[in-house]
Amino acid sequence: ELLSRVLDAHPEFEFVQLQINYLDWRAQRANEYYKIAHERGLPILVMEPVKGGSLANLVPGAAALSPHLATPAMQAAFALKFAASLDGVMTVLSGMTTPEQVEANVRTFQTPSIRGFDDEDMRLADRVLEETRKISQVPCTECGYCLDACPVGIEIPKIFAIYNEFKRGGAAFHAQYLYSCIKNGHRADSCIKCGACVEKCPQGIDIPTELEALHPELPLLPLVPEGTK
């Protein structure tokens, strides 16, 4: 509703940037945002096509659904193909952290099929969503907007990243070790539930509730002496 009002009030806008990926397409109403912009003839810039990297690090059950999802690079290419195939999409923006990722994305967009996400692909995407929903994860993209809002200094994105990797099948020992390395007073149990972070989260995550729920699953290991943190 807000997007419609803004675009109607500002006909001078030349494009719209939206978070679009196949996981959010229906589950987070990204298809509705896309329709609002596309019906007005506005070119669309896509952000978060790989959902903060999570669509290049699928849960084991989802990765096993198809040979086309066998590697992180192939998973990323599948996600980018979905975004690029939408009519009216002018540019797909993807966060990349290594030269290898840049080269892989360039190769993906040089393939002739980059605009061809067909019905079979969409069915596969829906099955990925089903498998992902079986695993309780926090839909954090690690943007970090919540950090400045937190008066306590909770390491929110880092905690969610540790937890999500654990839920995807990561070793419990490794998750517990990483969690224990976060300084005392900056872990999930130090949240004062003020809600300031929620207002800053573009994913709409109820961060205090998620922190309270996940803390018991990441018990601390006595590996790092408290005084050295």
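Procedures and definitions
Residues numbered from 1 in each chain as written. Predicted model: local features only at pLDDT ≥ 70, side-chain atom pairs only at ≥ 80, totals over all residues. Heavy atoms only, no water. 1 Å grid on protein atoms, 1.4 Å probe; cavity = no way out; pocket = protein on both sides within 12 Å on 5 of 7 lines; lining within 4 Å. Points joined across faces, edges and corners; volume = space filled by probe spheres on them. Nonpolar A, V, L, I, M, F, W, Y, C, P; charged D, E, K, R; others polar. Phe/Tyr/Trp six-rings, centres within 6.5 Å; stacked < 30°, edge-to-face > 60°. Helix = DSSP H or I, 4+ residues; strand = E, 2+ residues; numbered from the N terminus. Buried < 20%, exposed > 50% of the residue type's maximum accessible area, 1.4 Å probe, protein only. pLDDT = per-residue confidence, 0-100. Pairing = 2+ DSSP bridges. Axes fitted to C-alpha atoms, helices over the stretch in contact; angles between N-to-C directions. Contact = heavy atoms within 4.5 Å. Salt bridge = Lys/Arg side-chain N within 4 Å of Asp/Glu carboxyl O. Core = buried A, V, L, I, M, F, W, Y, C linked by side-chain atoms within 4.5 Å.

A few points about the layout of surface pockets
- Here the largest pocket is characterised by a volume of approximately 610 Å³.
- Lining the largest pocket are 19 residues, and of these Leu18, Gln19, Gln28, Tyr33 and Pro202 lie nearest its centre.
- Class assignment for the residues of the lining of the largest pocket results in 10 nonpolar, four polar and five charged.

Quick word on the packing of aromatic side chains
- For the coordinates displayed, the defined rule picks out six aromatic pairs.
- With centroids separated by 6.3 Å and ring planes inclined at 80°, the aromatic side chains of tyrosine 22 and phenylalanine 82 adopt a geometry described as edge-to-face. In this pair, tyrosine 22 is assigned in the loop between strand 1 (16-19) and helix 2 (24-27) and phenylalanine 82 in helix 5 (residues 72-85), connecting sequence segments 60 residues apart. In terms of burial, tyrosine 22 and phenylalanine 82 fall into one category: buried.
- Note on tryptophan 25 and tyrosine 34: the rings are 5.5 Å apart at their centroids and 55° apart in plane angle, and the pair reads as tilted.

A look at the confidence of the model for the protein chain
- Residues at a pLDDT of 70 or more form 97% of the protein chain, whose mean pLDDT is 90.
- The element-level mean pLDDT for the protein chain is lowest in helix 2, coming to 87, with strand 2 (residues 44-47) highest at 97.

Points about the sheet that holds strand 1
- Reading across from one edge, 1-2-3 is the order of the three strands in this open sheet, with parallel pairing throughout. The open sheet terminates on both sides in strands that have one partner only, identified here as strand 1 and strand 3 (89-92). Averaged over all neighbouring strand pairs, the angle between strand axes comes to 30°, with direction disregarded.
- As paired elements, strand 1 and strand 2 share four bridges and run parallel to each other. In the sheet register, valine 16 faces strand 2, and the bridge partner there is isoleucine 44.

Concerning the pairing of strand 2
- Sheet topology note: the strand 2/strand 3 ladder contains three bridges and is parallel. If you follow leucine 45 over to strand 3, its bridge partner there is threonine 91.

Notes on the side chain of glutamine 75
- The topology assignment puts glutamine 75 in helix 5.
- Every residue in contact with glutamine 75, bar those within four places of it in the chain, is listed here: Leu55, Ala56, Asn57, Leu58, Ala63, His68, Leu69 and Ala70.

Quick look at unusual backbone geometry
- A positive phi angle, near 55°, is found at glutamate 48, a position not held by glycine.
- You can see glutamate 48 is positioned in the loop between strand 2 and helix 4 (60-63).
- At lysine 51, a position not held by glycine, the phi torsion is positive, near 50°.
- On the secondary structure map, lysine 51 appears in the loop between strand 2 and helix 4.
- Lysine 51 sits in the buried class, given a relative accessible area of 8%.

Observations regarding the pattern of salt bridges
- Inspection of every chain in the model, using the stated rule, returns eight salt bridges.
- Among the salt bridges present, the one from arginine 40 reaches aspartate 8, with a minimum N-O distance of 3.0 Å. Of this pair, arginine 40 sits in the loop between helix 3 (30-39) and strand 2 while aspartate 8 sits in helix 1 (residues 2-9); the two residues are 32 residues apart in sequence, bridging distant segments of the chain.
- Of the charged contacts, one joins glutamate 39 and lysine 35 as a salt bridge, the two residues approaching to 3.9 Å between their closest N and O atoms.

Observations regarding the nonpolar core
- Within the largest apolar cluster, 39 residues are counted, with the highest numbers of intra-cluster contacts made by Ile20, Tyr22, Trp25, Ile44, Leu58 and Phe82.
- Those elements giving two or more residues to this core turn out to be strand 1, helix 3, strand 2, helix 4, helix 5, strand 3 and helix 7 (119-133).
- If you tally residues by element for this core, the top one is helix 5, at seven residues.
- When sequence neighbours within four positions are dropped, the list of residues in contact with isoleucine 20 reads Trp25, Ala30, Tyr34, Ile44, Val46, Met47, Glu48, Pro49, Phe82 and Leu86.
- Counting 22 residues, the second-largest nonpolar core is a separate cluster that includes Val138, Cys146, Ala188 and Leu214.

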